[in-house]
Amino acid sequence: MKRRTVLQSAAVVGSVSLAGCLDGFREHFEGEFQGVVPMEIHSESDDAHNLHIEAFDRETGQQTYDEGIAVNPDESIGPPHLSATDQRLHVARIDALEDEVLDDQRVSITGETQLVLIWVYDDEVVIEVSRGEADEQIDDPEDADDLEEPEDVDTADENEAHDDSE
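Rules behind the numbers
- Residues numbered from 1 in each chain as written.
- Predicted model: local features only at pLDDT ≥ 70, side-chain atom pairs only at ≥ 80, totals over all residues.
- Heavy atoms only, no water.
- Helix = DSSP H or I, 4+ residues; strand = E, 2+ residues; numbered from the N terminus.
- Polar contact = N/O pair within 3.5 Å; in protein donor to acceptor, adjacent residues only side chain to side chain.
- Contact = heavy atoms within 4.5 Å.
- Patch = residues over 30% accessible without salt bridge, like charges linked within 9 Å, V, L, I, M, F, W, Y side chains within 5 Å.
- Areas by Shrake-Rupley, 256 points an atom, 1.4 Å probe, with all protein chains shown as cover.
- Salt bridge = Lys/Arg side-chain N within 4 Å of Asp/Glu carboxyl O.
- Lys, Arg positive; Asp, Glu negative; His and termini not counted.
- Charge placed at Lys NZ, Arg CZ, Asp CG, Glu CD.
- Core = buried A, V, L, I, M, F, W, Y, C linked by side-chain atoms within 4.5 Å.
- Buried < 20%, exposed > 50% of the residue type's maximum accessible area, 1.4 Å probe, protein only.

A word on the side chain of histidine 90
Inspection of the secondary structure assignment puts histidine 90 in strand β7 (residues 87-95). At 3.0 Å, the side chain of histidine 90 forms a polar contact with the side chain of aspartate 104. Once residues lying within four places of it in the same chain are set aside, the contact partners of histidine 90 are His52, Ile53, Glu54, Asp104, Gln105 and Arg106.

Next up, the structure:
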C-alpha cells in the first residue's frame, strides 16, 4: 500500500510540474509570435529596383528597422519582419547610379498591423497596410496620415496643444 501511495504522489507531482512547464513554454512562444509584422515586396516592374526600408519608433524617434533590398522584375521577396509596435515605416526607391531617391512612401505601423505589402512599379511604390478590417493603402505621400520626420512629431503635437489652449 505504501508503495502505491508513493507512486501516486509522484505521478501527481510530476503532472503538476509538467503543467507548469507547459504554461511557461506556451507563454514564452505566444509573446514571440505575436510581436512581429510580416512584410512582402512584389515587383510589377520591367526593371530592377533598389529599395531602402527603415522604421522609426513613434515616441522616441529611434530607428527600429533598416534594410536595403534589390528587387528584380516580377520578383516577390519576404524581407525580415517588423516589430509590432507603434512606428513609422519609410520605403524609398533609390536610383543606384545617381544615388538619389526616385519615390518614397511613409505609413504608420501599430500593434494591430497584420501585414505590410509593398508593390514596386516602374514609376512608383505603393504600400498596403493590413490592420484586419481597417486596411490602408498609401500610393500618394499626401494621403499619408503621418508624414513628419521623427524629430518633428513632438513639436507638431506641442503646437497643436498650444493652439487649442488659446
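Focus on a negative patch on the surface
There is a patch of like negative charges on the surface, built from Glu44, Asp46, Asp47, Asp74, Asp122 and Asp123. One can find aspartate 74 in the loop between β4 (63-71) and β5 (76-77).

With respect to the nonpolar core
Membership of the largest hydrophobic core comes to 22 residues, with the highest contact counts inside it found for Met39, Ile41, Ile53, Leu82, Leu89, Val116 and Ile118. Of all elements in the fold, only β2 (39-43), β3 (49-57), β4, β7, β8 (100-109), β9 (115-120) and β10 (125-130) reach the threshold of two or more residues within this core. Not counting residues up to four positions away in its chain, the partners in contact with leucine 82 are Gly35, Val36, Val37, Met39, Ala55, Tyr65, Gln87, Leu89, Ile109 and Val116.

Regarding the pattern of salt bridges
Enumeration over the complete set of coordinates arrives at one salt bridge. When the shortest N-O distance is used, the salt bridge between arginine 106 and aspartate 104 registers 3.8 Å. Of the residues examined, aspartate 104 reaches a relative accessible area of 24% and is grouped as partly exposed.

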